[in-house]
2 protein chains.
Amino acid sequence: MSKRGPATHRPGSAGDVWLRPPGRTGRDAPPLSRDRIVEEAVALLDAEGADRLTMRRLAERLGTGSTTLYWHVKTKDDVLDLALDMIFAEVRIPSGDGRGWRAGITALIDGWRAVLLRHPWSAALLGRPMLGPNVLARSEFLYATLLEAGVVEPRLTAAAYGLSNYVIGSALMQSTWLADADEEVRRAARERLRADRERYPALAAHGPLATDGDWDTGFALGLTWLLDGIEAGIATTGDAADAAGGTDTAARA
Amino acid sequence: MSKRGPATHRPGSAGDVWLRPPGRTGRDAPPLSRDRIVEEAVALLDAEGADRLTMRRLAERLGTGSTTLYWHVKTKDDVLDLALDMIFAEVRIPSGDGRGWRAGITALIDGWRAVLLRHPWSAALLGRPMLGPNVLARSEFLYATLLEAGVVEPRLTAAAYGLSNYVIGSALMQSTWLADADEEVRRAARERLRADRERYPALAAHGPLATDGDWDTGFALGLTWLLDGIEAGIATTGDAADAAGGTDTAARA
DNA sequence: TCGGCGACTGGACCATTGATCCGGTCACTG
DNA sequence: CAGTGACCGGATCAATGGTCCAGTCGCCGA
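Now for a look at the structure at hand. (Residues numbered from 1 in each chain as written. Chains lettered and ligands numbered in written order. Predicted model: local features only at pLDDT ≥ 70, side-chain atom pairs only at ≥ 80, totals over all residues. Heavy atoms only, no water.)

A few words on the relation of the copies chain B and chain A. At an RMSD of 0.1 Å, chain B and chain A line up after a rotation of 180 degrees and a shift of 0.0 Å along the axis. Taken together, the turn and the small shift mark the pair as related by a two-fold rotation axis. Here 100% of the contact residues of chain B are again contact residues in chain A; the copies associate through an equivalent surface. (Least-squares fit on C-alpha atoms with pLDDT ≥ 70 in both. Contact = heavy atoms within 4.5 Å.)

Here you go:
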């Protein structure tokens, strides 16, 4: 390693002058923008999980020093917030065609859930205010669709929140349970539950560990229940019911 | 401080012999058990939040050195897991009196939610397998009650998960939104949303920021929807409906 | 042509944190 | 009273988030 080491301290010059490539200190990669950082952060998070994301590792992947990142980003939390918002861009906002509000909302929620599961680290980050443009756009669609469907105020907030919270909770639990130490913790937990069978009879027989898998139908069922409840509220109140132009509303009522 | 300092290194002797109280190196507090650690951890978490919990601070509050904690506990995550399970002991498990399954489940879920909101740090920790005895006991009650009510398998898991996920998501969002930088971030967010009013019209008019507060009725509404859906499933399937001994089931069907 | 200015980069450095090493102390037993 | 095992803690390590400040590069006005 030819101990040039920390003694000389010549910042910027990576070796002798003769070895230094011309122009921009070498390295022809795009000049490191906030977007590139976040993009790479998402890749790193996808690949190695939330706790393996450090500023140094991220910088290394980007071919720069860790300090440089702080010029584009104030703190590490910024990176996380930006990454969280970025993946929400993957959720396609359903076009407001004539397929009714239920179809639109179902599509949105399903896409939302798919994204959260595709990036398992995201579930653990949901405990922070989500105010990025992509998140807001999806929420806007949700509120707008519910409004068009005729949902009014005491129930409007409940519906929007209920749906969001349901997705978030489901994704959080599922990705926790799946990603966290695959097949090892789960078997240990199963064993432990079977050992205490007399203490938790129902849980041991029908618990989440017994029926491993098939989260999808369970999720869909719960979603249906919520939507049914919302729809029933519209029918009861009755006002502005078919301002939505959705045939689905009338059909199911 | 009379620089006796790090030079001498006399472990265990906190000062001269004359100053040392007799017996057990002084300090008459109970001899530091795992329970006492977790108890204090919960107190610290309640008082200062999740990110202020360090092993050193915790040890300081307990009047010991940080190293000692690792004799009772393997890692910091252990402390968090134990703390999370400990607060669930506060949730009273409803007695199976004749008030029907809906009343029991509602009571459980409400208690659950109350605890999560009373200890706001807990919401952020939900992204880890919850296998403590207290959590398991509550889940056991949930499953047992649903089984007694006559909910069968495709819908059983969906019901149990749906309810849990709904509480978790709701508590996560609410305590995030409330605890996180009170009244400052919220106003900034409100402002930002009002600024982009034309981009997010529905959100700005009826968003979570507009109708600040009254989370309770919203939560109750969503819970009703879920319970209605579960109940409808029982009525449809019809088998083993009144094996529960609950009068409520028959009454509402 | 040149001086400098602003955008950007990174090596050294700092404080904090989780965790470990290892030399202790204490109550209790034979 | 020696010995044993439960328990304690100062020093220390490695990793991490974040800052300081000395640099480099492209560009723009004089």
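Turning to the environment of Gly-218 of chain A, a few remarks are in order. For Gly-218 of chain A, the position within the fold is in helix α12 (residues 215–237). Spatially, the C-alpha atoms of Gly-218 of chain A and Ser-170 of chain A are 9.8 Å apart, while their sequence positions differ by 48 residues. Beyond its immediate stretch of four places on either side in the chain, Gly-218 of chain A contacts Tyr-166 of chain A together with Ala-158 of chain B. (Helix = DSSP H or I, 4+ residues; strand = E, 2+ residues; numbered from the N terminus.)

On to the side chain of Asp-85 of chain A, then. On the secondary structure map, Asp-85 of chain A appears in helix α5 (residues 76–88). In this view, Asp-85 of chain A contacts Gly-132, Pro-133, Asn-134 and Val-135 of chain A; residues no more than four positions away in its chain are not counted.

Let us look at α5 of chain A. All names here are of chain A. Taking 1.5 Å per residue, 13 residues should reach 18 Å; α5 reaches 19 Å between its end C-alpha atoms and fits that length. For α5, the complete set of buried residues consists of Val-79, Leu-80, Ala-83, Leu-84, Asp-85, Ile-87 and Phe-88. Residues of α5 that are buried in the fold lie against α2 (34–48), α3 (55–62), α6 (100–118), α7 (121–125) and α8 (133–149). Where α5 begins, the side chain of Thr-75 points an oxygen toward the backbone nitrogen of Asp-77, at a separation of 3.2 Å. (Expected span 1.5 Å × (residues − 1). Buried < 20%, exposed > 50% of the residue type's maximum accessible area, 1.4 Å probe, protein only. Polar contact = N/O pair within 3.5 Å; in protein donor to acceptor, adjacent residues only side chain to side chain.)

Note that Glu-231 of chain A resides in helix α12. According to the relative accessible area criterion, Glu-231 of chain A is buried, its value standing at 8%.

Residue and element names in this part refer to chain B. At a minimum axis distance of 10 Å, the contact between helix α6 (residues 100–118) and helix α8 (residues 133–149) shows a crossing angle of 160 degrees. As summarised for this structure, α6 and α8 are arranged roughly antiparallel, according to the angle between their axes. α6 and α8 meet at a crossing whose hand is left-handed. Packed against α6, whose contacting residues are Trp-101, Gly-104, Ile-105, Leu-108 and Trp-112, the element α8 presents Arg-138, Phe-141, Leu-142, Thr-145, Leu-146 and Ala-149 at the interface. By residue class, the composition of the contact of α6 with α8 is 8 nonpolar, 2 polar and 1 charged. (Axes fitted to C-alpha atoms, helices over the stretch in contact; angles between N-to-C directions. Parallel < 35°, antiparallel > 145°, perpendicular 65-115°, else oblique. Left-handed = near helix turned anticlockwise from the far one by under 90°. Nonpolar A, V, L, I, M, F, W, Y, C, P; charged D, E, K, R; others polar.)

Listed as interface residues are 53 residues of chain B and, on the opposing side, 53 residues of chain A. Interface of chain B and chain A: buried area, both sides summed, is about 4,600 Å²; carbon and sulfur atoms make up 76% of it. When residues of chain B are sorted by the area they lose upon contact with chain A, Glu-140, Tyr-161 and Trp-225 of chain B head the list and together hold 15% of the total. At the junction of chain B and chain A, the tally comes to 6 residue pairs in polar contact (both at pLDDT 80 or more). The set of elements that each furnish at least two residues to the side of chain B that touches chain A consists of α8, α9 (153–179), α10 (185–195), α11 (201–206) and α12 (215–237) of chain B. (Buried area = accessible area lost by both parts, 1.4 Å probe.)

Counted by the stated rule, this structure contains 20 salt bridges over all chains. Here Glu-40 of chain A ties to Arg-61 of chain A by a salt bridge, and the two come within 2.9 Å at their closest N and O atoms. Here Glu-40 of chain A, found in helix α2, pairs with Arg-61 of chain A, found in helix α3; they are 21 residues apart in sequence, far enough to count as distant. Linking Arg-102 of chain B and Asp-228 of chain B is a salt bridge whose minimum nitrogen-to-oxygen distance equals 3.0 Å. (Salt bridge = Lys/Arg side-chain N within 4 Å of Asp/Glu carboxyl O.)

These values are about where atoms sit, not about what they do.
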